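Letter by letter, the chains look like this.
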Amino acid sequence: MRAKSNVILPAGVTLGALGVLGFSFSLPATRLAVAGLDPWFVAFGRAAVAGVLAIAYLALSRAPRPSVTQVRRLVIVAVGIVIGFPLFTSLALTTQTSAHGAVVIAVLPMCTAIWAVLRAGERPPAAFWLSSGAGLLAVLAFVATGGGFSGSLGTADVYLLIAVVLCGLGYAEGGALSRELGGARTVCWALVVSLPVTIPISCYTADFSRATPVVWLSFGYVALISMFLGFFAWYAGLAAGGVAKIGQIQLAQPVLTLMWSAVVLGEQVGWPALATAAVVVVCVVLTQRSRVTPTAVAAGQPVR
């Protein structure tokens, strides 16, 4: 049993890190996309495109249909990651920069851990919460002093906070459900379940008069990577290594997002990024060394 655990955990960390790397460019790409497309179209259009790809994947892989109970849980996943997070981040980034968004998004790993307790039945120890909190404080200090935060809390910040809460729920529920369906099938079925909502809204809000090649490339990224392939790795990682523990890898995402913002959007990010990254790595390592106590829910029994 111990040998099996030693094999699974590194796989979970690797898959989780790949997912975070893909997600780290989501905010800059969304910022570029909403510059030429309606934010509602960016949110629902990316899910509609990913949903069509999901149908093809499920058909080719001959995936069995989920049970009624699993469909109910897939609706929760869809509310979190397919509709909630894309919509509210798109609305927020029409008036705020992706660097500013990284301030609020830094709360996501902690939010995911809390949902992992409530929905995935995991029980992280005190050492886990201390390490996670230290990593969160390090990231918040970095983005606050490094130019990522400016001004007071406004409507955009409220949108981002709602996005974080819903995304954490989608991560926790999807990570737990991935133990039954697999990571790729979980996100694919969530996208398919959402199609009756995403396709009509995408058609209604479609306006391509201001779209440029850069806008379309950015939209393509959030549709293919942020909404589809990234979740293949991410949910597989959460299922393999535990929602709470693997979710803490996302502590690195705000730092990566700010670096992408500097390279692609021209925002300046100085040397504190390296120091913060080092602190985050240490905190992530400590969270991975913590033992998370599973319950019947975490072991794969459905949440009711």
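Above this text you will find the structure in question.
Just so you know, these numbers come straight off a predicted model, no measurement behind them.

The rules behind the values
Residues numbered from 1 in each chain as written. Predicted model: local features only at pLDDT ≥ 70, side-chain atom pairs only at ≥ 80, totals over all residues. Heavy atoms only, no water. Helix = DSSP H or I, 4+ residues; strand = E, 2+ residues; numbered from the N terminus. Expected span 1.5 Å × (residues − 1). Buried < 20%, exposed > 50% of the residue type's maximum accessible area, 1.4 Å probe, protein only. Axes fitted to C-alpha atoms, helices over the stretch in contact; angles between N-to-C directions. Parallel < 35°, antiparallel > 145°, perpendicular 65-115°, else oblique. Left-handed = near helix turned anticlockwise from the far one by under 90°. Contact = heavy atoms within 4.5 Å. Nonpolar A, V, L, I, M, F, W, Y, C, P; charged D, E, K, R; others polar. Bend = angle between axes of the 7 residues up to and from the residue. Core = buried A, V, L, I, M, F, W, Y, C linked by side-chain atoms within 4.5 Å. Patch = residues over 30% accessible without salt bridge, like charges linked within 9 Å, V, L, I, M, F, W, Y side chains within 5 Å. Areas by Shrake-Rupley, 256 points an atom, 1.4 Å probe, with all protein chains shown as cover. Salt bridge = Lys/Arg side-chain N within 4 Å of Asp/Glu carboxyl O.

Focus: helix 12 (residues 253–265)
Between its first and last C-alpha, helix 12 extends 17 Å over 13 residues, near the 18 Å set by a 1.5 Å rise per residue. For helix 12, the full list of buried residues reads Gln-253, Pro-254, Val-255, Thr-257, Leu-258 and Ser-261. Positive backbone phi, approximately 80°, marks Gly-266, located one or two places after helix 12.

A short note on the packing of helix 9 (residues 183–205) against helix 10 (residues 213–241)
Where helix 9 meets helix 10, the closest approach of the two axes is 7 Å, and the angle between their N-to-C directions is 135°. Compared by their axis directions, helix 9 and helix 10 come out oblique. Crossing geometry of helix 9 relative to helix 10 is assigned as right-handed. Across the interface between the two elements, Gly-183, Ala-184, Thr-186, Val-187, Cys-188 and Leu-191 from helix 9 touch Met-227, Phe-228, Phe-231, Phe-232, Tyr-235 and Ala-236 from helix 10. For the contact of helix 9 with helix 10, the per-class residue count stands at 10 nonpolar, two polar and no charged.

Considering the environment of Pro-39
The residue Pro-39 is located in helix 3 (residues 39–60) in this model. By relative accessible area, which is 16% here, Pro-39 ends up buried. Remark: the alpha-carbon pair of Pro-39 and Ala-206, spanning 167 residues in sequence, is separated by 9.9 Å. Apart from the residues within four sequence positions on either side, Pro-39 is in contact with Val-34, Ser-90, Leu-91 and Thr-94.

A few points about helix 4 (residues 68–92)
Between the first and last C-alpha of helix 4 there are 35 Å, a value that for 25 residues agrees with the 36 Å anticipated at 1.5 Å per step. Along helix 4, the sharpest change in direction is near 40° and occurs at Gly-84; proline Pro-86 comes one to four residues later.

Structural notes on the nonpolar core
Of all hydrophobic cores here, the largest spans 53 residues; its most connected members are Tyr-171, Leu-191, Phe-231, Trp-234 and Tyr-235. Every element with two or more residues in this core is listed here: helix 1 (2–23), helix 3, helix 4, helix 6 (108–118), helix 8 (155–181), helix 9, helix 10 and helix 11 (243–247). Apart from residues lying up to four places away in sequence, Trp-234 is in contact with Leu-15, Gly-16, Gly-19, Val-20, Phe-23, Tyr-171, Ile-246, Gly-247 and Gln-250.

Considerations on a nonpolar patch on the surface
A surface patch of nonpolar side chains, amounting to about 360 Å² of accessible area, comprises Leu-21, Trp-260, Val-263 and Val-264. Per element, the largest residue contribution to the nonpolar patch is three residues, and it comes from helix 12. Tracing the chain through its elements places Leu-21 in helix 1. A residue is classified by how much of its surface remains accessible, and Leu-21, at 44% relative accessible area, is partly exposed.

What to know about unusual backbone geometry
A positive phi angle, close to 50°, is found at Arg-62, a residue other than glycine. Here Arg-62 lies in the loop between helix 3 and helix 4. Judged by relative accessible area, Arg-62 falls into the exposed class, the value being 74%.

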